[in-house]
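# Structure assessment
Residue strings, one per chain:
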Amino acid sequence: MLHYIVVACFTYILWKLYRWMSPRKSPFENLYGPPSPSWLTGNMLQIYDKQGWDFHRDLQTKYGPVSRLQGLFGKPMLCVYDPAAMNTIVLKDMEQHAPLFEEIQWFMDICIDTFGPGILSTTGETHRKQRKLLNPIFAPRNIRLITPVFYEVAHRLNKAIGTLVESGAPEVDVARYMGRAALELIGQSALGHCFDPLTEDGHHPYAEVLKCYVPALSALSNYTQLYRFVRPLIPAVLRRPIMNILPSRRVKELVRVIDTMHEHAVRIYLEKKASVESSSLDKTYEGDEKAKDIATLLLQANAGASKEDAIPEDELIAQLSILIFAATDTTSNAMTLVLECLAKNAQVQDKLRAEVIEAKARHEGGEIPYDELMSLPYLDAVCSETLRVFALAPLRIREAQGDTTLTLSRPVIGKDGTSISTIPVAKGTLVFVAVQAANVNPDVWGPDAREWRPERWLHALPAEVAEAKIPGVYTNLMTFWGGGRSCVGFKFAQLEMKVIIAGLISNFKFELKPDAQIVWNVSEVIYPTVGTGGWQPAYPMKVSMVN
């Protein structure tokens, strides 16, 4: 009897596998799209190709706001940057506030194996509780209070780079210095801890691994698609031992990075927990007028939360690890991009410098108050335009949790010549939201949408921008995503960028090095390297003092 049961189960599994993998007519057959180079991998390797910029550009320029892709094993897949369709994908919920389109499971699996059960790797009620706890911490009031901390770190950064320039150094690796500064900013403001004094041309091991995480993960991008199938088959207690014995150098590097990040996060959490427990700080942090670090606010907020909203210790550690990583890696790359754009556009750099120096002259010590700094028109224009043209996190894939229909802002013409205004999407369909294409959509931003031109922000934006109703949380852009999975710290990142850029541009002139072959790599977070084979993020520039 047992024999027949086993055979029946095995036959059923084979049949389900065959049905899942068997080729079928795509429901998106009438849409244009790039050819698939492989039935096995579809277009996925092209999407995740580190130098796949041409492919991503073609998705916009050749195939339009909605196009057909192919996933693994010939599975039909969509590429979308139509504003109305993005609204459905980003904002629409099903019953009980469950999102209609959710983060893909294998990405969340990678995040939970890397950071733990934090805001990147949770869904549903757990995710809601975590955001509820974090949102007030990043409120403008709390961010305003930590502005002096940002200025103190910016002064040290300027001094460190100034010392290097005055010593006659032929170049400055701005990517490394932005990473060091970003870690120190989150360290001082979020943890009350000094990671890097920024007094010498050195590095901090924590800053190193935070900047190496994305490149280390990207080096295994060809295998991460397989990870989604293999992981559920391996018991949780065996996953790490198996990783330890794999002979791959790339796997060992990723394990080293993950271990170092986790060890620092645990140590920081235990130190802050002991400090909070031994102090007499009021648990209702919102009434405090004195600025505290974000880790203290997080622990106090959790201690003051109701039993239903409080989160366990492993989730708190994961939150700290994710916040430190995101604030260090993403923002440092954003600041590097701003410096690159300024180095390529000397007139813009001079104009920005004049605005910042004039504002500094109005205040003793040159520290521009929070409200004035955030409203400097040209500084805001430069930062906004950089975040528009260069999407920091371009790889956003969502999975439909139920059958639905995407309504388009404008009809597209199908391959058979018919007009298509709605697209049926079946449960389980993967949708690649082309954030980069959405930010430079000429139907929204005009014919010069792909051009970096800060002046566009100094005047009224085209009426099409407001009419498009882009679902992004930040100034009609998808850079920080939107809805329930938007970046909780985007205001923190804005202040970080403006304080650092204002300090640097008023003291230094930045120029590109003609002999430095810099490439930006497509990844979960884009990053620069010297040459396509570079491993460590780097961006050497010629830096000189401003008279």
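See the structure above.
Everything in this summary refers to the structure shown in the same document. Nothing here was measured: the structure is a model prediction, and the numbers come from that model. (Residues numbered from 1 in each chain as written. Predicted model: local features only at pLDDT ≥ 70, side-chain atom pairs only at ≥ 80, totals over all residues. Heavy atoms only, no water.)

## So, the packing of aromatic side chains
Applying the stated criterion to the full structure yields 15 aromatic pairs. Look at phenylalanine 73 and phenylalanine 229: their rings are 5.6 Å apart centre to centre, the planes differ by 70°, and that puts the pair in the edge-to-face class. Pair noted here: phenylalanine 73 is in the loop between β1 (66-70) and β2 (76-80) and phenylalanine 229 is in helix α11 (residues 221-230), with a separation of 156 residues, a long-range link. We classify phenylalanine 73 as buried; its relative accessible area is 16%. Aromatic side chains phenylalanine 115 and phenylalanine 325 sit 5.3 Å apart centroid to centroid with 40° between the ring planes, which places their arrangement in the tilted category. Here the residue phenylalanine 115 occupies a position in the loop between α5 (105-114) and α6 (124-134), and phenylalanine 325 occupies one in helix α15 (residues 313-344), the gap between them amounting to 210 residues. With a relative accessible area of 5%, phenylalanine 115 lands in the buried category. The exposure class assigned to phenylalanine 325 is buried, which follows from its relative accessible area of 7%. Taken together, the ring pairs in this structure connect Trp39, Phe73 and Phe229 into an aromatic cluster. (Phe/Tyr/Trp six-rings, centres within 6.5 Å; stacked < 30°, edge-to-face > 60°. Helix = DSSP H or I, 4+ residues; strand = E, 2+ residues; numbered from the N terminus. Buried < 20%, exposed > 50% of the residue type's maximum accessible area, 1.4 Å probe, protein only.)

## Description of the sheet that holds strand β12 (residues 540-545)
With antiparallel pairing, three strands are arranged side by side in an open sheet as β4-β12-β9. Both outer strands of the open sheet, β4 (172-173) and β9 (508-512), are each paired with one neighbouring strand and no more. Along the sheet face, helix α8 (residues 147-166) touches β4, β9 and β12 and points at about 90° away from the line of β12. (Pairing = 2+ DSSP bridges. Contact = heavy atoms within 4.5 Å. Axes fitted to C-alpha atoms, helices over the stretch in contact; angles between N-to-C directions.)

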